[in-house]
Amino acid sequence: MADTAVASQNRPKRRRPPAHVWKVVLAILFIVIAPILAVLAAVQALEPFAAISGFFTSIVAILFVISLWDLMVSLFGGRYLVYGRARAPGAWWILVLPWCLLVGFLFGHYAWH
Amino acid sequence: MPGTRGPSAKRYGRLVVSQIAALTLVFTSGWYLSRIHDVLSRDTSPAACVSAGQLLTTLGHDARLAVASVCFFFIGGLLAHFDVPSAVETAPQKTAENLLVKHSAPASNDMVRSTIVVQAALVLFLLVGVGLLGYETWAVNSSHGEPPAYWPITWYVRCAAALDRNVSLVIASLVSFLVGHWLWYRPARRQ
């Protein structure tokens with residue numbers, strides 16, 4: 001009985017995610033990554049469509065890092081980044097929007113390019 | 001048995017439609033890949049699959065693909081909304097999430113384990129997405145103004161589109177339908 005109580009105390013706690021994560025993600029995407037890619041495309045260091053593709057790669061890469069972090073928290077404990085808030089009202093469009101942009105880009109790319 | 005209900009007719013209908021769409025997509029994509037392989041393995045490749053410039057000439061500006069894709073994206077999403085799971089049906093999943101997020105869930109909990117499996121599948125899916133998009137970015141950038149050493153994925157798609165417009169229209173519609181169906185956020189119905 002005492003062992004069970006000690007084990008319960010020693011088990012790593014999983015804490016709720018902070019609310020501001022999506023704002024940080026959007027800030028990184030639109031204030032840091034997008035301008036860098038735009039400048040690279042403007043000076044022709046990067047093909048314009050490669051810049052657009054790179055932007056979507058960044059979105060999916062950030063989602064990958066976040067989901068990997070949350071998976072590690074589920075396994076070993078710690079503070080979640082978005083898990084548990086991903087379903088919160090108001091957050092759904094952040095999940096859907098990148099995919100809409102990606103699908104629009106891909107189909108627009110081969111339909112009009 | 002009174003009081004218990006199996007999956008509704010709506011759910012069966014939704015599952016059947018999405019499974020048929022997925023299977024049709026797999027078969028038509030396989031057929032396309034074999035055709036592209038045939039075309040590229042021949043010495044006299046048609047102009048449609050030789051270079052980006054010729055691809056553009058062959059394809060032109062076809063708004064049908066884009067319009068059909070957008071329409072089927074929304075149709076897929078609406079079909080998902082047609083059969084939203086009830087709060088009772090999603091209760092086990094919510095319980096597992098609460099165990100994970102709020103408490104230190106016991107490792108032997110099956111619901112928690114299945115939730116972690118879904119999380120791991122998402123990580124894998126995103127990893128594959130990053131890999132494919134990274135390749136696409138690199139290939140698009142490296143082939144700028146030069147004969148392509150490695151084709152971007154979108155060039156294969158355009159090659160396929162040039163081979164047969166109508167089948168391309170069907171495939172684009174199916175992909176959009178499935179993306180809209182599976183990725184559209186659906187909150188559970190309140191009871």
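Definitions and cut-offs
- Residues numbered from 1 in each chain as written.
- Chains lettered and ligands numbered in written order.
- Predicted model: local features only at pLDDT ≥ 70, side-chain atom pairs only at ≥ 80, totals over all residues.
- Helix = DSSP H or I, 4+ residues; strand = E, 2+ residues; numbered from the N terminus.
- Buried ≥ 20, exposed ≤ 12 C-beta atoms within 10 Å, placed from the backbone.
- Contact = placed C-beta atoms within 7 Å.
- pLDDT = per-residue confidence, 0-100.
- Axes fitted to C-alpha atoms, helices over the stretch in contact; angles between N-to-C directions.
- Parallel < 35°, antiparallel > 145°, perpendicular 65-115°, else oblique.
- Left-handed = near helix turned anticlockwise from the far one by under 90°.
- Expected span 1.5 Å × (residues − 1).
- Arc of directions from axis to C-beta.
- Nonpolar A, V, L, I, M, F, W, Y, C, P; charged D, E, K, R; others polar.

### Things to note about the overall build of chain B
Here comes step 1: A tally of regular secondary structure across chain B gives seven helices and zero strands.
Here comes step 2: Reading chain B from its N end, one meets helices and strands in the order α-α-α-α-α-α-α.
Here comes step 3: Split into buried and exposed, the 191 residues of chain B put 23% on the buried side.
Here comes step 4: A separation of at least 24 residues holds for 71% of the contacts in chain B among residues at least 6 apart in sequence.

### Considerations on the overall build of chain A
Here comes step 1: Helices and strands together make up the secondary structure of chain A, namely four helices and two strands.
Here comes step 2: Each helix and strand of chain A, placed in order from N terminus to C terminus, yields the pattern α-β-α-α-β-α.
Here comes step 3: Looking at chain A as a whole, 29% of its 113 residues are labelled buried.
Here comes step 4: Here the contacts in chain A between residues at least 6 apart in sequence split such that 61% fall between residues at least 24 apart.

### Topic: the confidence of the model for chain A
Here comes step 1: Here chain A averages 75 in pLDDT, and 64% of its residues register 70 or above.
Here comes step 2: Mean pLDDT values for the elements of chain A range from 57 in helix α1 (residues 2–10) of chain A up to 88 in helix α3 (residues 48–76) of chain A.

### Considerations on the environment of S29 of chain B
Here comes step 1: Tracing the chain through its elements places S29 of chain B in helix α1 (residues 9–41).
Here comes step 2: In the structure, S29 of chain B is positioned 133 residues away from A162 of chain B in sequence and 14 Å away in space, judged by C-alpha atoms.

### Describing the packing of α3 of chain A against helix α5 (residues 110–142) of chain B
Here comes step 1: One can describe the packing of α3 of chain A onto α5 of chain B by two numbers: an axis separation of 8 Å at closest approach and a directional angle of 160°. Taken together, α3 of chain A and α5 of chain B sit at an angle that is classed as roughly antiparallel. Between α3 of chain A and α5 of chain B lies a crossing whose hand is left-handed.

### As for unusual backbone geometry
Residues and elements named next belong to chain A.
Here comes step 1: For Q44, which is not glycine, the phi torsion reads 60° and is therefore positive.
Here comes step 2: Topologically, Q44 is positioned in the loop between α2 (21–42) and α3.
Here comes step 3: Residue classification places Q44 among the exposed residues on the basis of 9 C-beta atoms within 10 Å.

### Focus: helix α3 (residues 63–82) of chain B
Residues and elements named next belong to chain B.
Here comes step 1: Between its terminal C-alpha atoms α3 stretches 29 Å, which fits the 28 Å expected from 20 residues at 1.5 Å a residue.
Here comes step 2: Among the residues of α3, those classed as buried are L65, S69, F72, F73, G76 and G77. Buried residues along α3 cover an arc of 140° about the axis, so they all sit on one side. For α3, exposure combined with an orientation more than 90 degrees from the buried face picks out A63, L78, H81 and F82.

### Here we look at the packing of α3 of chain B against helix α7 (residues 165–183) of chain B
All names here are of chain B.
Here comes step 1: One way to put it is that α3 packs onto α7 with a least axis distance of 7 Å and a crossing angle of 35°. Taken as a pair, α3 and α7 cross one another with a handedness that is right-handed. Counted together, R64, L65, A68, S69, F72, F73, F74, I75, G76, G77, L79 and A80 of α3 and S168, L169, A172, S173, S176, F177, L178, V179, G180 and H181 of α7 form the full contact between these two elements.
Here comes step 2: Here the residues of the contact of α3 with α7 are counted per class, giving 13 nonpolar, eight polar and one charged.

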